[in-house]
Amino acid sequence: MSTLTLSERTLQLPRQHPKLFLLVATILWWALYQSLIPASEALVAALPVDRNSALGGALQFFLYDTPKVLLLLTAVVFVMGMINSYFTPERTRALLAGKTEGVANVMAASLGIVTPFCSCSAVPLFIGFVQAGVPLGVTFSFLISAPMVNEVALALLFGLFGWKIALLYMGLGLTVAIVAGWVIGRLRMEAYLEDWVRDMPRVQATAGGDAFTLVERIEGGFASVREIVGKVWPYILAGIAIGAAIHGWVPEDFMASFMGKEAWWSVPLAVLIGVPMYTNAAGIIPIVQALLAKGAALGTVLAFMMSVIALSLPEMIILRKVLKVRLIATFAGVVATGILIVGYVFNAVL
């Protein structure tokens, strides 16, 4: 007779019945997701605040968006953790090594969507790409795309704004990454790598032939959730708290006065504000949601979001270990120009 407790049996379910586990987990996730609106309204109603007051609106925003974003993030990170077992750094380098510019820029930017790398891993990735002989411009296309147009950003945008905004952001981000990488490649700035990076011996990039079982992929999904969600949840709470404050206390259409279409300087101002900030897509999207609700223009908000993720000051400091100042300045200038164009174009046409 088995002496396992219910909790122990539940923990063994992914290993013993992986397909059943995925089915049950999907059903439970969907049930929780559908209960978010009534649950948040019930919690606010139970509190001694007026639902129609600024505080009541802010609390409802926070109590609804926090579990919503965390549920979306957990699901996406888990699924991509299963898929990302294929896209190891070694395999990514092998896919890009030896490719000509142009096509390789498109490949690199596209791989950035499905690879779990952020600015904190920029230096080891950059070194690995250089050693594998990946062209400099192609490397930059990947480094721009990976943090900016990743699965977390796209999933949260889809969950909060719908597929049109998510596809729009993906198209814009990929365009910026591809064009910026191509421009940097055309400028032939290899001389502005740090000497020790330029002088490193070249290595042969190999894709490897790792094969994973479904159980191992599920374990990879759990590992991704622990690593990524465990790191970003404070940024999520901070972002949602700021968004809740904007939602509750900022008057309707207030943002239109300095982040609207009519203010020509709103896009460069949004980029300048975004660069010193240090957060990720999960932390900035709730703020974006609140800004749009208060009258900020879509192009301006997208420019702000892109600058926070792709041009953060901490990433520049990290890259200084491998790049000389002139190359960093060129990278920032090219990407910022692309983001400004994106902001102005979409403010003009939408």
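Residues numbered from 1 in each chain as written. Predicted model: local features only at pLDDT ≥ 70, side-chain atom pairs only at ≥ 80, totals over all residues. Heavy atoms only, no water.

What about the overall build of the protein chain?
Argument step 1. Along the protein chain, the regular secondary structure elements total 18 helices and zero strands.
Argument step 2. With 350 residues in all, the protein chain has 48% of them scored as buried.
Argument step 3. Restricting the contact set of the protein chain to residue pairs at least 6 apart, pairs at least 24 apart contribute 83%.
Argument step 4. When the accessible surface of the protein chain is totalled, it reaches about 16500 Å², and 70% of it is carbon and sulfur. (Helix = DSSP H or I, 4+ residues; strand = E, 2+ residues; numbered from the N terminus. Buried < 20%, exposed > 50% of the residue type's maximum accessible area, 1.4 Å probe, protein only. Contact = heavy atoms within 4.5 Å. Areas by Shrake-Rupley, 256 points an atom, 1.4 Å probe, with all protein chains shown as cover.)

Quick word on the confidence of the model for the protein chain
Argument step 1. Residues of the protein chain with pLDDT of at least 70 account for 83%, and the chain-wide mean is 78.
Argument step 2. Averaged pLDDT values for the elements of the protein chain fall to 66 in helix α1 (residues 6-16) and rise to 90 in helix α2 (residues 18-34). (pLDDT = per-residue confidence, 0-100.)

A word on the nonpolar core
One recurring pattern in soluble globular proteins: nonpolar side chains tend to sit buried together.
Argument step 1. The biggest cluster of nonpolar side chains holds 99 residues, and the ones touching the most others in it are Phe126 and Tyr169.
Argument step 2. When residues no more than four places from it in sequence are discounted, the contact partners of Tyr169 are Met148, Val149, Ala153, Leu154, Leu157, Leu302, Met305, Met306 and Ile309. (Core = buried A, V, L, I, M, F, W, Y, C linked by side-chain atoms within 4.5 Å.)

A short note on the packing of helix α10 (residues 163-186) against helix α16 (residues 298-310)
Argument step 1. Remark: α10 packs on α16, axes separated minimally by 12 Å, with the N-to-C direction vectors making an angle of 55 degrees. Between α10 and α16, the interaxial angle falls into the category oblique. At the point where α10 passes α16, the crossing takes the right-handed sense. Where α10 approaches α16, its residues Ile165, Leu168, Tyr169, Leu172 and Gly173 are matched on the opposing element by Leu298, Leu302, Met305, Met306 and Ile309.
Argument step 2. Taken together, the residues that form the contact of α10 with α16 break down as nine nonpolar, one polar and no charged. (Axes fitted to C-alpha atoms, helices over the stretch in contact; angles between N-to-C directions. Parallel < 35°, antiparallel > 145°, perpendicular 65-115°, else oblique. Left-handed = near helix turned anticlockwise from the far one by under 90°. Nonpolar A, V, L, I, M, F, W, Y, C, P; charged D, E, K, R; others polar.)

Things to note about the pattern of salt bridges
Argument step 1. Scanning the entire structure with this criterion turns up two salt bridges.
Argument step 2. Measuring nitrogen to oxygen at the nearest pair gives 3.5 Å for the salt bridge that ties Asp195 to Lys324. Taken together, the residues Asp195 in helix α11 (residues 195-198) and Lys324 in the loop between α17 (313-319) and α18 (325-349) connect sequence positions 129 residues apart.
Argument step 3. Residue Asp195 is classed as partly exposed on the basis of its relative accessible area of 37%. (Salt bridge = Lys/Arg side-chain N within 4 Å of Asp/Glu carboxyl O.)

Details of unusual backbone geometry
Argument step 1. Although it is not a glycine, Arg188 sits at a positive phi angle of roughly 50 degrees.
Argument step 2. Here Arg188 shows up in the loop between α10 and α11.

Comments concerning the side chain of Lys68
Argument step 1. With respect to the element layout, Lys68 can be found in helix α4 (residues 54-83).
Argument step 2. Of the side chains with opposite charge, Asp65 lies nearest to the buried Lys68, which makes no salt bridge, at 5.8 Å.
Argument step 3. Polar side-chain contacts of Lys68 include one of 3.1 Å to the side chain of Tyr64.
Argument step 4. Among all residues touching Lys68, those that are not within four sequence positions of it are Tyr33, Leu36, Gly159 and Leu160. (Lys, Arg positive; Asp, Glu negative; His and termini not counted. Polar contact = N/O pair within 3.5 Å; in protein donor to acceptor, adjacent residues only side chain to side chain.)

Topic: α16
Argument step 1. Its 13 residues place the ends of α16 18 Å apart at the C-alpha level, agreeing with the 18 Å of an ideal helix rising 1.5 Å per residue.
Argument step 2. Counting buried positions over the 13 residues of α16 gives 13, a clear majority of the element. (Expected span 1.5 Å × (residues − 1).)

A closer look at the packing of aromatic side chains
Argument step 1. Taken as a whole and judged by the stated rule, the model has six aromatic pairs.
Argument step 2. Between Phe21 and Phe222, the aromatic rings sit 5.7 Å apart at their centres with planes inclined by 50 degrees, giving tilted as the arrangement. Within this pair, whereas Phe21 is found in helix α2, its partner Phe222 is found in helix α12 (residues 214-249), the two being separated by 201 residues in sequence.
Argument step 3. Looking at Phe222, the relative accessible area reads 33%, which means it is partly exposed.
Argument step 4. Taken together, the aromatic side chains of Phe21, Phe78 and Phe222 make up a single cluster linked through ring pairs. (Phe/Tyr/Trp six-rings, centres within 6.5 Å; stacked < 30°, edge-to-face > 60°.)

As for a nonpolar patch on the surface
Argument step 1. Taken together, Leu20, Leu23, Val24, Ile27 and Leu28 make up a surface patch of nonpolar side chains, about 460 Å² in accessible area.
Argument step 2. Position of Ile27 relative to the elements: it lies in helix α2.
Argument step 3. According to the relative accessible area criterion, Ile27 is exposed, its value standing at 53%. (Patch = residues over 30% accessible without salt bridge, like charges linked within 9 Å, V, L, I, M, F, W, Y side chains within 5 Å.)

Some details on the side chain of Ser40
Argument step 1. Examined against the element boundaries, Ser40 turns out to sit in helix α3 (residues 36-46).
Argument step 2. We classify Ser40 as buried; its relative accessible area is 1%.
Argument step 3. A polar contact is formed between the side chain of Ser40 and the backbone oxygen of Ile37, at a distance of 2.9 Å.
Argument step 4. Residues within four places of Ser40 in sequence aside, it is in contact with Gln60, Leu63 and Tyr64.

Some remarks on the packing of α10 against α18
Working note: a packed helix pair is described by the angle between its axes plus the distance between those axes.
Argument step 1. Packing of α10 against α18 brings their axes to within 10 Å, and their N-to-C directions diverge by 145 degrees. In the packing of α10 onto α18, the handedness of the crossing is right-handed. Side by side, α10 and α18 meet where Leu168, Leu172, Val176, Ala180, Val183 and Ile184 of the first sit next to Leu327, Phe331, Val334, Val335, Gly338, Ile339, Val342 and Phe346 of the second.

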